[in-house]
Amino acid sequence: MIFYFSGTGNSLYVAEKIRNKIGSRVIDISKAMTENQFKYELDAKESVGFVFPAYYYGLPTIVADFISKLDLTDTNPVHIFAVVTCGANCGGADRLLNTLLKGKNLHLSAFYELPMVDNFIFGYDLLSRQEQEDALKNAEGKLMGIIKSISVKGTSDKPSTFLERMLTGAIYPIYQRGRKTRKFYADNRCNSCNLCEEICPSKAIKMVNGRPEWTKEQCIHCVACINRCPQEAIQYGQSTKKRNRYVHPILK
Ligand SMILES: Cc1cc2nc3c(=O)[nH]c(=O)nc-3n(C[C@H](O)[C@H](O)[C@H](O)COP(=O)(O)O)c2cc1C
Ligand code: SF4
Ligand code: SF4
């Protein structure tokens, strides 16, 4: 069983590729949270996987919340793996995940980091279209290796270093405390298509008089709304106006 979370499609793509190889069920964490679905029964010898993006060298809050509620009662998975997609480096996310799982009496057997395309539009400009395509092609080789390892219940490529874990300790709390929505707005290119409201995993967007409004103080900061708006109408302050957008082809 593969539990995944994805804002712009990278992690969805990876979850689907793993499913194609090992024939597992795929569960959308965002949907499970909306439906309060936390109890799952595993088949005998079924592996459990988590696939999600790195946020501030740690886990998206929705993934941490989901794992803390997850109930695999009466089943003891023999193999638990995680694939964390990222722009470059996921820091000590393996340690955070391990700690969460230990709290549920579960043991992480294998952890893989997979750089794909960085979607962190809040911080800096994203790659150009061509560079995005090239980066996805480059990621395929590593993904194939990861899937091969998962299919034989292999172990992690490498654990995080002391420095990477320090980085997580310093940076991740900024994300946990931050995640503010007040800088979001839609400019006059918005054509009232409703997509942003439909896809927001925080249920933080409500259409009011044909325009999106951010109705919660905090959200997951998954960047789905800003990157996936077909009109590129959503901005975060002034700095995103001229920045490229990114959506994995699986969502197009
Ligand atoms: C809030 C936020 C924080 C991020 N932090 C990191 C990070 O710490 N390290 C990194 O390499 N990439 C980081 N990224 C980039 C994403 O992890 C990367 O683009 C990921 O593959 C996106 O997955 P998705 O398409 O499934 O949402 C961050 C992106 C966002 C939106
Ligand atoms: S996705 Fe973009 S165009 Fe559609 S309603 Fe939201 S802001 Fe408007
Ligand atoms: S408001 Fe936008 S960035 Fe925040 S959770 Fe919703 S879709 Fe993601």
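Every chain begins its residue count from 1, and numbering advances along the sequence as written. Numbering of ligands from 1 and lettering of chains from A proceed in the order in which they are written. With the structure being a predicted model, the display of local features is reserved for residues of pLDDT at least 70 and the display and counting of side-chain atom pairs for 80 or more, all residues being used for whole-chain, interface and lining totals. Side-chain calculation: all heavy atoms of the structure are included, whereas hydrogens and water are not.

1. Structural notes on the layout of surface pockets
Here a cavity denotes a set of grid points, spaced 1 Å apart and computed over the protein atoms alone, in which a 1.4 Å probe fits but from which it cannot get out, and a pocket denotes an open set meeting protein on both sides within 12 Å along at least five of seven lines; residues with an atom within 4 Å of a point are reported as lining. Grid points are joined across faces, edges and corners, and a volume is the space filled by probe spheres set on the points. Counted as a void, the largest pocket has a volume near 480 Å³. Forming the walls of the largest pocket are 27 residues, and the residues nearest its centre are A54, Y55, Y56, D118 and F120. Helix numbers and strand numbers start at the N terminus; a helix is a DSSP run of H or I with at least 4 residues, a strand a run of E with at least 2. Elements supplying a minimum of two residues to the lining of the largest pocket: helix 1 (10-22), strand 4 (80-86) and helix 6 (162-177). Looking at side-chain class alone, the lining of the largest pocket contains 15 nonpolar, 11 polar and one charged residues. When residues of the lining of the largest pocket are assigned to domains, at least three map to each of domain 1 (2-176) and domain 2 (184-251). Its volume calculated, the second largest pocket comes out at about 260 Å³. Asp, Glu, Lys and Arg are counted as charged, while Ala, Val, Leu, Ile, Met, Phe, Trp, Tyr, Cys and Pro are counted as nonpolar; the rest, among them Gly, fall into the polar class. The source of the domain bounds is an automatic or database domain assignment.

2. Examining helix 1
Each residue after the first adds 1.5 Å to the expected span of a helix. With 13 residues, helix 1 should reach 18 Å at 1.5 Å per residue; the first-to-last C-alpha distance of 19 Å fits that figure. Using a 1.4 Å probe on the protein chains alone, a residue whose accessible area is under 20% of its type maximum counts as buried, one over 50% counts as exposed, and one in between counts as partly exposed. What helix 1 keeps buried is the set N10, S11, L12, Y13, V14, A15 and I18. Any two residues whose heavy atoms approach within 4.5 Å at even a single point are treated as in contact. Residues of helix 1 that are buried sit in contact with strand 1 (2-4), strand 2 (26-28), strand 3 (48-53), strand 4, strand 5 (110-115) and helix 5 (129-151). Trailing helix 1 by a residue or two, G23 shows a phi angle of about 65°, which is positive.

3. Quick word on the sheet that holds strand 5
DSSP calls a pair of strands paired once it identifies at least 2 bridges connecting them. Strand order in the open sheet formed by five strands is 2-1-3-4-5, with parallel pairing between adjacent strands. With one partner strand each, in any of the chains shown, strand 2 and strand 5 form the two edges of the open sheet. This sheet shows a mean twist of 20° between the axes of neighbouring strands, independent of strand direction. Bridging between strand 1 and strand 3 involves three bridges; their strand directions are parallel. When the bridges of strand 3 are listed, I2 appears paired with G49. Every angle, taken between N-to-C directions, lies between 0 and 180 degrees, and every axis is a line fitted to C-alpha atoms, over only the stretch in contact when it is a helix. Sheet strands touched by helix 1: strand 1, strand 2, strand 3, strand 4 and strand 5. Its angle to strand 4, the strand with the most contacts, is close to 145°. Relative to the sheet, helix 4 (residues 93-102) contacts strand 3, strand 4 and strand 5, its axis offset from that of strand 5 by approximately 145°.

4. Points about the site of ligand 2
Looking at ligand 2, there are 14 residues lining it, with C190, N191, C193, C196 and C229 nearest. Because more than half of its atoms lie within 2 Å of the grid, ligand 2 is assigned to the largest cavity. Of the residues belonging to the shell around ligand 2, the class tally is 10 nonpolar, four polar and no charged. Only a single heavy atom is needed: when it lies within 4 Å of a molecule or strand, its residue is near that molecule or strand. If over half the atoms of a molecule are within 2 Å of the grid points of a cavity or pocket, the molecule is regarded as sitting in it.

5. Observations regarding empty space enclosed by the protein
Scanning the entire structure with this criterion turns up two cavities of 30 Å³ or more. Taken as a whole, the largest cavity encloses approximately 110 Å³ of empty space. Contributing to the lining of the largest cavity are 18 residues, with C193, C196, C229, P230 and I234 lying nearest its centre. Among the elements of the structure, helix 7 (195-199) and helix 8 (224-228) are those that each provide at least two residues to the lining of the largest cavity. Per element, the largest residue contribution to the lining of the largest cavity is three residues, and it comes from helix 7. Estimates place the volume of the second largest cavity at around 100 Å³. Residue classes in the lining of the second largest cavity are distributed as 12 nonpolar, two polar and no charged.

6. Notes on helix 5
Owing to its 3.6 residues per turn, the α-helix brings residues three or four apart onto one side. Given a rise of 1.5 Å per residue, 23 residues ought to cover 33 Å, and the 32 Å separating the end C-alpha atoms of helix 5 matches this to within 8%. Note on bend: the value at a residue is the angle between axes fitted to the seven residues ending there and to the seven starting there. Along helix 5, the largest kink reaches about 30° and is centred on E140. Among all positions of helix 5, only Q132, A135, L136, A139, L143, I146, I147, S149 and I150 are buried. On the buried face of helix 5, the contacting elements are helix 1, strand 4 and strand 5. After helix 5 finishes, the residue K153 shows a positive phi value of roughly 55°.

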